[in-house]
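# Structural characterization, general
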Amino acid sequence: MAENLFPNVNWDRMWEATVETLYMSAISVVATFILGAILGLLLFLTSKGNIWENKPVNIVLSAIVNIFRSIPFIILIVLLIPFTKFIVGSMIGENAALPALIIGSAPFYARMVEIGLREIDKGVIEAAKSMGAKTTTIIWKVLLPESMPALVSGITVTAIALVSYTAMAGVIGAGGLGNLAYMEGFQRSRNDVTLMATIIILIIVFLIQFVGDFFTRKLDKR
């Protein structure tokens, strides 16, 4: 049945491309979660009225986040070609997409982390301070646990954006379903290949959303 509906699809190649997309997405999501959480925490902690209040540092961090968050991803890939070649040694293949994917999405997630942290009741933080809690204790025992539903919800949105980024990266040779859809589908006028790649990307997105929503509901104590 599938062979009749999708006569031009090489299923082994489609599976390989799916694995490449999942690999790029998974590595990028983990790196983005870590870097974005650190950046978001620093933005929050150095802002006015918080533990590490430091206006110059906060301005610089905000500027960096805003600049990289504002650059369209396809342009960012081109801008990062020298850096990517230095780090990875090539602009072809799934590993070549990772620097742009991480640098493009970490600032986006950092803002979500900052917003999540700002929603925490100030009284909880003040109570921890009044009990003599160290900054590290406040971060690990108050800030992160209290904002965890927002952090998970934010990384879910970011992960979905990353899947679409991998498709864009594929157009310039980074591998994955985007590359397959463009090279084997669009350029050779094989619409069934493009359609199948799109269906698989949608399935991945729906699964990410389902898992993200599940954990957000579990973590939300309200």
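Residues numbered from 1 in each chain as written. Predicted model: local features only at pLDDT ≥ 70, side-chain atom pairs only at ≥ 80, totals over all residues. Heavy atoms only, no water.

## Some points on the overall build of the chain
The following threshold applies: Helix and strand assignments come from DSSP, with helices taken as H or I runs of at least 4 residues and strands as E runs of at least 2, each series counted from the N terminus. Here a residue-residue contact requires only that any non-hydrogen atoms of the pair lie within 4.5 Å. Computed with the Shrake-Rupley method and a 1.4 Å probe, the accessible areas treat only the protein chains shown as cover for residues.
Secondary structure assignment for the chain yields ten helices and zero strands. In sequence order, the chain lays out its α and β elements as α-α-α-α-α-α-α-α-α-α. By sequence separation, contacts in the chain at least 24 residues apart represent 72% of the contacts at least 6 residues apart. For the chain, the accessible area works out to roughly 12,200 Å², and carbon and sulfur atoms hold 68% of it.

## Let's talk about the packing of aromatic side chains
Selection criterion: Here a pair means two rings of Phe, Tyr or Trp (six-membered ring of Trp) with centres within 6.5 Å. Their orientation is stacked below 30 degrees between planes, edge-to-face above 60, and tilted elsewhere.
Per the stated rule, a full pass over the model turns up three aromatic pairs. Ring geometry for Phe214 against Phe215: centres 5.3 Å apart, planes inclined by 80°, an arrangement best described as edge-to-face.

## Quick look at the pattern of salt bridges
Here is the rule we go by: For this analysis, a salt bridge means a side-chain nitrogen from Lys or Arg found within 4 Å of a carboxyl oxygen belonging to Asp or Glu. Per-residue accessibility, obtained with a 1.4 Å probe over protein chains only, is compared with the maximum for each type, and a residue is labelled buried under 20%, exposed over 50%, and partly exposed between these values.
Counted according to the given criterion, the structure contains six salt bridges. We note a salt bridge from Glu16 to Arg13, for which the minimum N-O separation is 3.9 Å. With Glu16 and Arg13 both in helix α2 (residues 11-45) and three residues apart, the pair spans about one turn of that helix. As a salt-bridge pair, Glu184 and Arg190 come within 3.8 Å of each other at their nearest N and O atoms. Take Glu184: its relative accessible area is 26%, and that puts it in the partly exposed class. Overall, Arg190 belongs to the partly exposed group, its relative accessible area being 27%. One network of salt bridges, with partners in common, ties together Arg13, Glu16 and Glu20.

## Observations regarding the confidence of the model for the chain
Under the convention used in this document: Every residue carries a pLDDT, the predictor's confidence in it, which falls somewhere between 0 and 100.
Here the chain shows a mean pLDDT of 87. Residues at 70 or above account for 97%. Confidence, expressed as mean pLDDT per element, reaches its minimum in the chain at helix α1 (residues 2-5) with 61 and its maximum at α2 with 92.

## Examining the environment of Met14
Along the chain, Met14 turns up in helix α2. As for Met14 and Arg190, which are separated by 176 residues in sequence, their C-alpha atoms are 13 Å apart. Sequence-distant contacts of Met14, that is, excluding residues within four places in its chain, are made with Val9, Leu177, Leu180, Val193, Met196, Ala197 and Ile200.

## Comments concerning the packing of α2 against helix α3 (residues 55-70)
For the record, the criterion: In this analysis an axis means a line fitted to C-alpha atoms, helices contributing only their contacting stretch, and an angle means the value between N-to-C directions, from 0 to 180 degrees. The labels follow the angle: roughly parallel below 35 degrees, roughly antiparallel above 145, roughly perpendicular from 65 to 115, and oblique for the rest. Whether a crossing is left-handed or right-handed is set by the direction in which the near helix is turned from the far one by less than a right angle, anticlockwise for left-handed and clockwise for right-handed. Classification used: nonpolar for Ala, Val, Leu, Ile, Met, Phe, Trp, Tyr, Cys and Pro, charged for Asp, Glu, Lys and Arg, polar for all others including Gly.
In contact at an axis separation of 9 Å, α2 and α3 are set at 140° when each is read in the N-to-C sense. Compared by their axis directions, α2 and α3 come out oblique. Where α2 crosses over α3, the two elements pack in a sense that is left-handed. Where α2 abuts α3, its residues Leu39, Leu42 and Leu43 lie against Asn58, Leu61, Ser62 and Val65. Across the contact of α2 with α3, the residue classes tally to five nonpolar, two polar and no charged.

## A closer look at a nonpolar patch on the surface
Spelled out, the test is: A patch consists of residues exposed above 30% relative accessible area that lack any salt bridge, with like charges linked at up to 9 Å and nonpolar side chains (Val, Leu, Ile, Met, Phe, Trp, Tyr) linked at up to 5 Å.
Residues Ile74, Ile75, Leu79, Met168 and Ile172 make up a contiguous nonpolar surface patch of about 400 Å² in total accessible area. Ranked by residue count, the leading element in the nonpolar patch is helix α4 (residues 73-79), at three residues. Examined against the element boundaries, Leu79 turns out to sit in helix α4.

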